[in-house]
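Spelled out from the first residue to the last, the chains are:
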Amino acid sequence: DGEIGIRLNKFTGAIDREYVGRGPELVILDSLIILDATEIRIDVNDIRPKDKDNVLLQDMDLTVTYRVNKDKAVEFYLQTKEIDRLPDGTVALGGKVISKELNGAVQESFKQFKSYEAQSRRKDLEQAIATTLQAKLNERFP
């Protein structure tokens, strides 16, 4: 439970368009990539955004939690060929893509706030970053 599989044909290299879900699964003459489909956490460190007044923040570290859309997982893999082994050993889709897109989302979102507001309006800042990040991901991977 909480995992999905992507089936690859060992002879042709073809990838099955449907993910392998929960339940008994027999894999013969294929290989199966098992991926975490629960909430995945990645740390992104040392982002240096500028605020509304163009003041550079020295260092911002974030933890992003995301969930893979199971119905789009195979399509995402076909498009990116990206499977990440995270520091905790989790095998997941999208970690590098999210890390890359997150930097731009933070830069764009942080410009809406003054530096001193980052703590007092943290929830607003988090929401702005999440909304911007999701829009960037939806645009790049519809």
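Scroll up a little and you will see the structure.
Residues numbered from 1 in each chain as written. Predicted model: local features only at pLDDT ≥ 70, side-chain atom pairs only at ≥ 80, totals over all residues. Heavy atoms only, no water.

In a pair of packed helices, the angle between the axes and the distance between the axes together describe the arrangement. Close contact between helix α2 (residues 95-110) and helix α4 (residues 122-140) brings their axes to 8 Å; oriented N to C, the two are set at 130°. In terms of axis orientation, α2 runs oblique to α4. The crossing of α2 and α4 is right-handed. Here Val97, Ile98, Glu101, Leu102, Gly104, Ala105, Val106, Glu108, Ser109 and Phe110 of α2 come into contact with α4, specifically with Leu125, Ala128, Ile129, Thr132, Leu133, Lys136, Leu137 and Arg140. (Axes fitted to C-alpha atoms, helices over the stretch in contact; angles between N-to-C directions. Helix = DSSP H or I, 4+ residues; strand = E, 2+ residues; numbered from the N terminus. Parallel < 35°, antiparallel > 145°, perpendicular 65-115°, else oblique. Left-handed = near helix turned anticlockwise from the far one by under 90°. Contact = heavy atoms within 4.5 Å.)

So, about the packing of aromatic side chains. Under the counting rule described, the total for this entry stands at 1 aromatic pair. Over the ring of Tyr77 we find Lys81, and its NZ or CZ is 5.6 Å from the ring centre. (Phe/Tyr/Trp six-rings, centres within 6.5 Å; stacked < 30°, edge-to-face > 60°. Lys NZ or Arg CZ within 6 Å of the ring centre and 35° of its normal.)

Residues Met60, Leu62, Val64 and Tyr66 of strand β4 (residues 60-67) are buried on one face, while the alternating residues Asp61, Thr63, Thr65 and Arg67, pointing to the opposite face, are not. Sheet topology note: the strand β3 (residues 39-47)/β4 ladder contains 7 bridges and is antiparallel. Bridge pairing in β4 places Arg41 opposite Thr65. (Buried < 20%, exposed > 50% of the residue type's maximum accessible area, 1.4 Å probe, protein only. Pairing = 2+ DSSP bridges.)

This part covers the environment of Glu3. Take Glu3: it is sitting in strand β1 (residues 3-9). Take Glu3: its relative accessible area is 49%, and that puts it in the partly exposed class. Considered as a pair, Glu3 and Ile34 are 31 residues apart in the sequence and their alpha carbons are 6.6 Å apart. Those residues within four positions of Glu3 in sequence are excluded, and the remaining contacts are Ile34, Leu35 and Ala37.

Backbone geometry places Asp46, a non-glycine residue, at a positive phi of 65°. By the element assignment, Asp46 lies in strand β3.

Okay, α2 next. Helix length check: α2 (16 residues) gives 22 Å between terminal C-alpha atoms against 22 Å at 1.5 Å per residue, within 8%. Buried within α2 are the following residues: Gly95, Val97, Ile98, Glu101, Leu102, Ala105, Val106, Ser109 and Phe110. The elements touched by buried residues of α2 are β3, β4, α1 (70-80), β5 (84-85), α3 (117-120) and α4. (Expected span 1.5 Å × (residues − 1).)

One pass over the structure, following the stated rule, counts 9 salt bridges. When the shortest N-O distance is used, the salt bridge between Arg122 and Glu126 registers 3.6 Å. A residue pair is termed a helical-turn pair when its members lie 3 or 4 positions apart in one helix, as Arg122 and Glu126 do in helix α4 at 4 residues. Across the salt bridge formed by Glu126 and Lys123, the nearest N and O atoms sit 3.9 Å from each other. Residue Glu126 and its partner Lys123 are located together in helix α4, separated by 3 residues, close to a single helical turn. You can call Glu126 partly exposed: its relative accessible area is 39%. (Salt bridge = Lys/Arg side-chain N within 4 Å of Asp/Glu carboxyl O.)

Here Thr90 is to be found in the loop between β5 and β6 (91-92). Residue Thr90 is classed as buried on the basis of its relative accessible area of 16%. A polar atom in the side chain of Thr90 sits 2.7 Å from the side chain of Asp88. Aside from chain neighbours lying at most four places away, what touches Thr90 is Asp36, Asp84 and Arg85. (Polar contact = N/O pair within 3.5 Å; in protein donor to acceptor, adjacent residues only side chain to side chain.)

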